[in-house]
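# Understanding the architecture of this molecule
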Amino acid sequence: MIKSHEIDFKLYGDDMQFVQIELDCGESVLAEAGAMMYMDQKIGMETIFGDGSGKKHGKGLMGKLIGAGKRVITGEGLFMTVFTNNHDGKAHIAFAAPYPGKIVPFDLTQFGGTIICQKDAFLCAAKGVSIDIHLQKKIGAGFFGGEGFIMQKLEGDGLAFLHAGGTIIRKDLSHGEMLKIDTGCLVAMTNSVDYDVQFAGDIKSGLFGGEGLFLATLKGPGSVWLQSLPFSRMADKIYSAAGSSKKGESKGFNNPLEELSGLTNLFGRD
């Protein structure tokens, strides 16, 4: 078994966080392309296929292609970047969150060496952590679970960092305990949690209640992490606001007086 590099870290910020990682000589961290915020001059970087862990896929060209291909299936890019401290002493590198939310550190040894997460949650990890795919075995969860059939699986004995929107909360479920959630609010879960999707209740509630026709169900034992603001929900709000702004412009509301005039006309006043 390949042992992950031991890294130290510190989180900065509140709603727009970044994580600063401290690397000793010879230590490395891997990240999604474009996640790096800053780094010391001691650190060198290398672009690689897959995650560079060497697990399961082999170390040859075919193994790298398989690893990279799996990343494409999960919606990520073909390449990852490895950052290594090539000099004596300590060096620092930072990775920033892509949108408002929280960065959550995971010591994989505390969760049986495996965490299942949504496809775009991974930010960075110690070298040696494997980023693989996790296929949903249940058809309902695959079609209606918000994440589809494919999620990401992080394996190893090192630190990994996930990012999600809004506030993140951890729920520990006992054996047989069930939690119903909005399908987009799941960030991560331990491998022992049973994930499925159920019909919300009735057609009227599903169509007009604002929660959709389906809810995700998480059944213990295990731990789950939930986000209060899924990126898809935030993107929908921005798109709706942009659409409303364009409609206002098309009506000629160029200044506050014209907007006030438009509002009074709407209520039938002169």
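Scroll up to find the structure.
Reference entry: report on the structure contained in this document. Model, not experiment: these values are computed from the prediction. (Residues numbered from 1 in each chain as written. Predicted model: local features only at pLDDT ≥ 70, side-chain atom pairs only at ≥ 80, totals over all residues. Heavy atoms only, no water.)

A word on the pairing of strand S1 (residues 8–12). Taken together, the five bridges between S1 and strand S2 (residues 18–23) define a ladder with antiparallel strand orientation. Residue pairing in the sheet places aspartate 8 in a bridge with glutamate 22 of S2. Here S1 hands over to S2 after five residues, with glycine 13 in that stretch at a positive phi of 90 degrees. (Pairing = 2+ DSSP bridges. Helix = DSSP H or I, 4+ residues; strand = E, 2+ residues; numbered from the N terminus.)

Moving on, we get to the sheet that holds strand S16 (residues 186–190). The six strands are arranged S11-S12-S9-S16-S19-S14 in an open sheet whose pairing can be described as antiparallel. On the outer flanks of this sheet lie strand S11 (130–135) and strand S14 (168–173), each paired with one strand and no other. Strand-to-strand twist in this sheet, taken as the mean axis angle between neighbours without regard to direction, amounts to 25 degrees. Sheet topology note: the strand S9 (residues 114–117)/S16 ladder contains three bridges and is antiparallel. Residue pairing for S16: cysteine 117 is matched across the bridge by alanine 188. (Axes fitted to C-alpha atoms, helices over the stretch in contact; angles between N-to-C directions.)

Moving on: the side chain of glutamate 27. With respect to the helices and strands, the residue glutamate 27 is situated in the loop between S2 and strand S3 (28–32). Within the structure, glutamate 27 has its side chain in polar contact with the backbone nitrogen of aspartate 24 (distance 2.9 Å). (Polar contact = N/O pair within 3.5 Å; in protein donor to acceptor, adjacent residues only side chain to side chain.)

All chains considered together, the criterion is met by eight aromatic pairs. Ring centres of tyrosine 12 and phenylalanine 18 lie 5.0 Å apart, and the angle between their planes is 10 degrees; this geometry places the pair in the stacked category. Since its relative accessible area comes to 29%, tyrosine 12 is described here as partly exposed. Given the relative accessible area of 17%, phenylalanine 18 is considered buried. With a centroid separation of 5.5 Å and 65 degrees between ring planes, the pair formed by phenylalanine 83 and phenylalanine 95 is classed as edge-to-face. Of the two residues, phenylalanine 83 sits in strand S6 (residues 79–85) while phenylalanine 95 sits in strand S7 (residues 91–96), which places them twelve residues apart along the sequence. Judged by its relative accessible area of 0%, phenylalanine 95 falls in the buried class. (Phe/Tyr/Trp six-rings, centres within 6.5 Å; stacked < 30°, edge-to-face > 60°. Buried < 20%, exposed > 50% of the residue type's maximum accessible area, 1.4 Å probe, protein only.)

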